[in-house]
Amino acid sequence: MAQPSVILATASYDHTIRFWEPKSGRCYRTIQYPDSQVNRVEITPDKRFLAAAGNSHIRLFDVNSNSPQPVISYDSHTSNVMAVGFHCDGNWMYSGSEDGTVRIWDLRTGTCQREYESRAAVNTVVLHPNQKELISGDQNGNIRVWDLAANSCSCELVPEVDTAVRSLTVMWDGSMVVAANNHGTCYVWRLLKGTQTITFFEPLHKLQAHDGYILKCLLSPEFCDPNRYLATASSDHTVKIWNVDGFKLEKTLVGHQRWVWDCVFSVDGAYLITASSDSTARLWTVSTGEAIQVYQGHHKATVCCALHDGAESAPS
């Protein structure tokens, strides 16, 4: 089976994961996921596998196979896994769960190599572009930086007490981090390197982006430069595109009928895919704010999406 150059996947509360042809909108593969809902999907850097994070486990599926069975399962979380991602060379995977832990996994063996205690349900985890720090956000409003070399928490901050941090995103060059919360607010920090490897947060901006929850915030990728955007997806049914230079509102993407749970930029930042409770995913042109494709097939809320349209990064 030839590997598609662009991989687009969505997952839904209907217990399925679907793969789509981005241009035509055709669904060419459906994976049944009977054990739980899927909270998050992510594609490995080499485009070979898709990780699906569910209730207390993560399953890895072969992108180029028709087998409905996962290749491997990662099983030591005890509650919903809300975040999953990969090291840039694909050697290990990280996850965050409502069980209050952040974990690092050996991708090949399925074993948990490290566990960090956040002491509250973890909603979001991102890997710093330096590949040496994980940043997590939890239900109690804590943001923590986990230094992987020192194997400890190197930084802790609470932008708004008792307000859940829903989503975190780091600029591709490590210069900025944004946290979005349940009050529709984005907190923006400049990231500064300390005397050693420790990252410091310098407050830069507070953006009242939406009236409802922000369910996902995402900074644009490297190949979008010199334009730098922040996308915020909300329970108010819209996605807003902000220019990071001054945080001016560039576009409001209107078309979804219900909550927008997730969004992902194309590798050049020209397009955005969104996933919504209205059971659809959509492809938007960022410059015009127009929806140019609708992905229909799920019959319950579509809560996450993953896109890999860049070059494969070969495993080291």
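Just above sits the structure.
Sequence order sets the numbering: in each chain, residues are counted from 1 along the sequence as written. Reporting in this predicted model follows two pLDDT cut-offs: at least 70 for local features of residues, and 80 or more for side-chain atom pairs to be given and counted; totals over whole chains, interfaces and linings ignore these cut-offs and use all residues. Each side-chain value is derived from all of the structure's non-hydrogen atoms; neither hydrogens nor water enter the calculation.

Undergrad: Before we go on, may I ask you to explain the overall build of the protein in this structure?
TA: In terms of regular secondary structure, the protein is built from zero helices and 28 strands. Taken over the C-alpha atoms alone, the protein extends approximately 50 × 45 × 35 Å along its principal axes. Only protein chains enter the calculation, and the probe is 1.4 Å; a residue is then buried if its accessible area is under 20% of its type maximum, exposed if over 50%, and partly exposed in between. Every one of the 316 residues in the protein was classed for burial, and the buried ones make up 60%. Computed with a 1.4 Å probe, the accessible areas rest on the Shrake-Rupley method; for each residue, only the protein chains presented here act as cover. For the protein, the computed accessible surface area is about 12,800 Å², with 48% contributed by carbon and sulfur atoms. Think of it this way: any DSSP run of H or I at least four residues long counts as a helix, any run of E at least two long counts as a strand, and we number them from the N terminus.

Undergrad: Can you help me understand the nonpolar core in this one?
TA: One recurring pattern in soluble globular proteins: nonpolar side chains tend to sit buried together. Here, the term nonpolar core denotes a set of buried Ala, Val, Leu, Ile, Met, Phe, Trp, Tyr and Cys residues that are joined through side-chain atoms within 4.5 Å. Ile17, Phe19, Val38, Val41, Leu50 and Ala52 are the most contacted members of the largest nonpolar core, which has 20 residues in total. Looking at this core, the elements with two or more residues in it are β1 (7-12), β2 (16-20), β4 (40-43), β5 (49-53) and β28 (302-308). In this view, alanine 52 contacts Ile17, Tyr33, Val38, Arg40, Val41, His57, Ile58, Arg59 and Phe61; residues no more than four positions away in its chain are not counted. The contact criterion used throughout is that any non-hydrogen atoms of two residues lie within 4.5 Å.

Undergrad: Any chance you could explain the sheet that holds strand β17 (residues 176-181) here in plain terms?
TA: In this scheme, strands are said to pair when DSSP sees at least two bridges between them. One open sheet accounts for four strands, arranged β16-β17-β18-β19; its pairing is antiparallel. The open sheet terminates on both sides in strands that have one partner only, identified here as β16 (165-170) and β19 (199-208). Within this sheet the neighbouring strands show an average axis-to-axis angle of 20°, counted without direction. Every axis in this analysis is a line fitted to C-alpha atoms, fitted for helices over the stretch in contact. Angles between the N-to-C directions lie between 0 and 180 degrees.

Undergrad: Quick question: what am I supposed to make of the sheet that holds β2 here?
TA: Two pairing modes exist for strands in a sheet, parallel and antiparallel, and in both the strands are linked by backbone hydrogen bonds. As summarised here, the arrangement of the four strands in space is β3-β2-β1-β28, forming an open sheet in which the pairing is antiparallel. Unpaired on one side and paired on the other, β3 (27-32) and β28 mark the two borders of the sheet. Strand-to-strand twist of the sheet, defined as the mean angle between neighbouring strand axes without regard to direction, takes the value 20°.

Undergrad: Any chance you could explain the pairing of strand β6 (residues 58-62) here in plain terms?
TA: Two faces belong to every sheet, and in a regular strand the side chains alternate between them. Most of β6 is tucked away, with four of its five residues classed as buried. In the sheet, β6 pairs with strand β7 (residues 72-74) via three bridges, with the strands oriented antiparallel. Looking across to β7, one finds that isoleucine 58 is bridged to tyrosine 74.

Undergrad: Before we go on, may I ask you to explain the pattern of salt bridges in this structure?
TA: Pairs can form between side chains of opposite charge once their charged atoms are near each other. For this analysis, a salt bridge means a side-chain nitrogen from Lys or Arg found within 4 Å of a carboxyl oxygen belonging to Asp or Glu. Scanning the entire structure with this criterion turns up eleven salt bridges. Across the pair glutamate 21 and arginine 26 runs a salt bridge, and its minimum N-O distance is 2.9 Å. Here arginine 40 makes a salt bridge to aspartate 262, at a shortest N to O gap of 2.8 Å. In this pair, arginine 40 is assigned in strand β4 and aspartate 262 in strand β24 (residues 260-265), connecting sequence segments 222 residues apart. Take arginine 40: its relative accessible area is 16%, and that puts it in the buried class. For aspartate 262, a relative accessible area of 1% corresponds to the buried category.

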